[in-house]
Amino acid sequence: MSEQEYDVVVIGAGPAGYPAAIRAAQNGLSAACVDDWQNRDGTRSFGGTCLNAGCIPSKALLESSELYHRAHVEFSKHGIEVGSVAMDVAKMQARKGGIVSQLTGGIQALFKANGVSALQGRGRLLESNRVEVTADDGSTQIIRGKDVIIATGSVPIELSIAPFDDERIVDSWGALEFDAVPERLGVIGAGVIGLELGSVWQRLGADVVVLEALEEFLPTIDAQIAKDALRQFERQGLDIRLGAKVLEAKASAEDVDVRYEVGGEEHTAEFDKLIVCVGRRPYTDGLFGEGVELQVDERGMVMVDEQCRTSLPRVWAVGDVVRGPMLAHKGTEEGVMVADLIAGKFAEVNYEVIPSVIYTAPEIAWVGKTEAELEHDGVDYKVGTFSFAANGRAKGMEQAAGLVKLLSAASDDELLGVHIVGPVAGELIAEAVLAMEFSASGEDLQRTVHAHPTLSEAVHEAALAADKRAIHAINR
Ligand SMILES: Cc1cc2nc3c(=O)[nH]c(=O)nc-3n(C[C@H](O)[C@H](O)[C@H](O)COP(=O)(O)OP(=O)(O)OC[C@H]3O[C@@H](n4cnc5c(N)ncnc54)[C@H](O)[C@@H]3O)c2cc1C
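Residues numbered from 1 in each chain as written. Predicted model: local features only at pLDDT ≥ 70, side-chain atom pairs only at ≥ 80, totals over all residues. Heavy atoms only, no water.

### Brief notes about the state of the cysteines
Line of reasoning, step 1. On inspection of all chains with the given rule, the structure shows 0 disulfides.
Line of reasoning, step 2. C308 takes part in no disulfide bond, and the closest cysteine sulfur, belonging to C33, lies 16 Å away. (Disulfide = S-S within 2.5 Å.)

Structure, rendered in structure tokens:
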């Protein structure tokens, strides 16, 4: 069998893999991208989890549910009476599907425009950088990459005590496909995905209970921000039960019965649907052919160095399949970095400055260190906070809750972390990311002119507050 040879072969066309293939082609290298994503209706599309079953569809539904909720509870505060507000879940889902297919189709077009060979099929890494590609009809071809990039992503973790049945007990993808609002919705896991999906369906009218085994809410984010967010979610009616360890979930034709334990005491709950969101695991199942001794850890995570080199020469790995936060933009930056390194260019990812966003309402966004991390590291720091309650734009938007918190070094004022809970926090954090990328100080933010009236003034005031110079707050 003749083997087509490329400069770069990428396995996986999610947000880590497809940008790697495109950048390789932009760098003048011949590139192929192999992907086996299959939609629920059997069709194939590029874009991986992010475009097909993650970031994009979840944000499309969050927007619809937010608008519905606001029409219900906020419009009348603005003096807008709309009478009864009706919901059409099928139409919401169709809108979401339209966005997904436009974007996934866009990747196909980008591959074509950049001359990337897009191959739909399952890739398996063989010895000597050869990749076997098995198509749907079972036919196989072997291609070879001078360099190979593994970008096979991650899959949801399944609990043996609550196995997915795709009907009543579902993973995050299943939760994005409901064709009606469940009356009683259970969510196992109060992490990013559980909160986002719980929010979507709660805003559309579901009674949502989130069961979280940990005692602390969002323990990895800044504690003050987590506390404020929890208070706001609870006020909205999201029932978050901390320290609730699920013992068993049993689905029947009518409902799902869940047994769980809090502080040694057993409880039960019945739901119409149960979403299990307890994390994702790197996906390398069946990826390596015989004799390929690429180093992975016990969870299947591919071991890489700072520049995403694996233990095998000229084999790289990027995105969810390697260490670091499972975030689309982190994977994209790694993919692009690797494609540039292969082309002999300088490239790096600044892992210290990767923003995270939870797209609930209000949104939660952060970058850099938390107060607890700075304390743990023995770093002296200054804190500035500013509440959206004192921000004119937030008030006009009827969203004057939450705060901006800024941490900078006591020694030289360098920004160390920015944490936000509030309206469009995911957009506001970009300023902090840029500032930190340029090693800006709190004073740099103080001296930067922010338009009035905007939400970004809250970031400005938080920077001022760190030096007790905030104008619209009492400095303590
Ligand atoms: C509900 C949900 C919401 C999310 N929201 C956000 C968000 O708002 N922001 C954010 O940054 N992140 C979000 N994420 C996480 C984000 O989706 C992932 O971090 C991102 O998709 C990882 O990109 P990746 O390219 O590494 O892997 P993936 O996107 O998982 O893509 C991997 C691709 O490789 C293919 N593949 C796997 N094995 C093979 C093989 N052997 N041969 C061929 N192809 C193979 C897969 O089919 C898939 O198409 C969300 C995730 C979920 C589930």
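There is more to say after this.
### Remarks on the site of the ligand
Line of reasoning, step 1. Among the 37 residues in the neighbourhood of the ligand, the closest are listed as D35, D36, T49, K59 and G123.
Line of reasoning, step 2. Measuring from an oxygen atom of the ligand, one finds a side-chain N or O atom of D320 at 2.9 Å.
Line of reasoning, step 3. In this structure, H329 approaches the ligand through a side-chain N or O atom, which is 3.4 Å from an oxygen atom.
Line of reasoning, step 4. For the ligand, whose free accessible area comes to 1,000 Å², the fraction covered by protein is 95%.
Line of reasoning, step 5. Those elements giving two or more residues to the shell around the ligand turn out to be β2 (31–35), α2 (48–53), α3 (55–73), β4 (122–125) and α8 (328–342).
Line of reasoning, step 6. Considering every element that reaches the shell around the ligand, the biggest residue donor is α2, with 4 residues.
Line of reasoning, step 7. A per-class count over the shell around the ligand returns 17 nonpolar, 14 polar and 6 charged. (Near = heavy atom within 4 Å. Polar contact = N/O pair within 3.5 Å; in protein donor to acceptor, adjacent residues only side chain to side chain. Areas by Shrake-Rupley, 256 points an atom, 1.4 Å probe, with all protein chains shown as cover. Helix = DSSP H or I, 4+ residues; strand = E, 2+ residues; numbered from the N terminus. Nonpolar A, V, L, I, M, F, W, Y, C, P; charged D, E, K, R; others polar.)

### A word on the sheet that holds strand β13 (residues 256–262)
Line of reasoning, step 1. Pairing is antiparallel in the open sheet, where 3 strands are placed in the order β12-β13-β14. Because the sheet does not close on itself, it has two edges, and the strands there are β12 (244–251) and β14 (265–271). Across the sheet, the mean angle separating the axes of adjacent strands is 20° when strand polarity is ignored.
Line of reasoning, step 2. Pairing of β12 with β13, which is carried by 7 bridges, proceeds in the antiparallel orientation. Note that in β13 the partner of K250 across the bridge is D257. (Pairing = 2+ DSSP bridges. Axes fitted to C-alpha atoms, helices over the stretch in contact; angles between N-to-C directions.)

### Brief notes about the packing of aromatic side chains
Line of reasoning, step 1. Overall, the coordinates contain 4 aromatic pairs when judged by the stated rule.
Line of reasoning, step 2. Geometrically, the ring pair formed by W37 and W173 is tilted, given 5.0 Å between the ring centres and 45° between the ring planes. Taken together, the residues span a long stretch of sequence, with W37 in the loop between β2 and α2 and W173 in helix α5 (residues 172–175) at a distance of 136 residues.
Line of reasoning, step 3. Its relative accessible area of 16% is what places W37 among the buried residues.
Line of reasoning, step 4. Judged by its relative accessible area of 16%, W173 is buried.
Line of reasoning, step 5. Ring centres 6.2 Å apart and planes at 80° place the aromatic pair F217 and F233 in the edge-to-face group. Of this pair, F217 sits in the loop between β10 (207–212) and α7 (223–235) while F233 is found in helix α7, placing the two residues 16 residues apart along the sequence. Residue F217 shares its accessibility class with F233, and that shared class is buried. (Phe/Tyr/Trp six-rings, centres within 6.5 Å; stacked < 30°, edge-to-face > 60°. Buried < 20%, exposed > 50% of the residue type's maximum accessible area, 1.4 Å probe, protein only.)

### Quick word on the pairing of strand β15 (residues 273–276)
Line of reasoning, step 1. Burial along β15 is two-sided: K273 and I275 facing one way and L274 and V276 facing the other are all buried.
Line of reasoning, step 2. Here 4 bridges tie strand β9 (residues 184–188) to β15, and the two strands are oriented parallel to one another. Opposite G186, over in β15, you have L274 as the bridge partner.

### Topic: helix α6 (residues 192–203)
Line of reasoning, step 1. Given a rise of 1.5 Å per residue, 12 residues ought to cover 16 Å, and the 17 Å separating the end C-alpha atoms of α6 matches this to within 8%.
Line of reasoning, step 2. With 10 of 12 residues buried, α6 lies mostly within the body of the structure.
Line of reasoning, step 3. Among the residues making up α6, those that are buried are G194, L195, E196, L197, G198, S199, V200, W201, Q202 and R203.
Line of reasoning, step 4. Where α6 terminates, the next one or two residues include G205, which has phi positive at roughly 115°. (Expected span 1.5 Å × (residues − 1).)

### Digging into the sheet that holds strand β20 (residues 381–387)
Line of reasoning, step 1. With respect to topology, 5 strands assemble into an open sheet ordered β18-β19-β22-β21-β20, the strand pairing being antiparallel. The open sheet has two edge strands, β18 (356–358) and β20, and neither has a second partner. Averaged over all neighbouring strand pairs, the angle between strand axes comes to 10°, with direction disregarded.
Line of reasoning, step 2. Bridge count for β18 against strand β19 (residues 363–368) is 3 bridges, and the pairing is antiparallel.

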